[in-house]
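Working through the structure, step by step
The residues making up each chain are set out below.
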Amino acid sequence: LLCMEPEDFIGECIDAFGLDMLENTILYQCNPVANQNTFDESLIEIFPNPSHQIFNINTEFQGKLKLYNAQGKYLYKYNNIPFSINLENLDQGLYFLSFENEKFQLTKKIIKL
């Protein structure tokens, strides 16, 4: 099991495999002793996706949310997961939302039109 910070993990995936090789979500747990705990990624809904500006988030996941660009550069952090995010000031393209808490990290792709 490889554990690293999400910004490093995303950057490593992009560098090693290119964007075409990334799956829709990346889920890993950095506690191999307690890996019986899992998080059902379907409990995080992001809609509409793609979107021109507003992305709504429907989840019961408790933790922080970080936004990264397609190159894996950290852009913004929410200490609590919001109901929506507004990307009107960002360029069109691929972005990553990293949902994080002390046990899990789940990354989802979003596309800004």
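Here's what I pulled together on the structure shown here. Source: prediction; values computed, not measured. (Residues numbered from 1 in each chain as written. Predicted model: local features only at pLDDT ≥ 70, side-chain atom pairs only at ≥ 80, totals over all residues. Heavy atoms only, no water.)

Regarding the sheet that holds strand β2 (residues 44-47)
As summarised here, the arrangement of the three strands in space is β2-β3-β6, forming an open sheet in which the pairing is antiparallel. At either margin of the open sheet sits one strand with a lone partner, and together these are β2 and β6 (84-86). For this sheet the average axis-to-axis angle between neighbouring strands, irrespective of direction, equals 20 degrees. With three bridges joining them, strand β3 (residues 54-59) and β6 adopt antiparallel strand pairing. What sits directly across from N56, in β6, is S84. (Pairing = 2+ DSSP bridges. Helix = DSSP H or I, 4+ residues; strand = E, 2+ residues; numbered from the N terminus. Axes fitted to C-alpha atoms, helices over the stretch in contact; angles between N-to-C directions.)

Focus: the packing of aromatic side chains
Summed over the entire model, instances satisfying the criterion amount to three aromatic pairs. On the basis of an interplanar angle of 70 degrees and a centroid distance of 4.7 Å, the ring pair of Y76 and Y78 is categorised as edge-to-face. Classification of Y78 by relative accessible area gives buried; the value is 19%. (Phe/Tyr/Trp six-rings, centres within 6.5 Å; stacked < 30°, edge-to-face > 60°. Buried < 20%, exposed > 50% of the residue type's maximum accessible area, 1.4 Å probe, protein only.)

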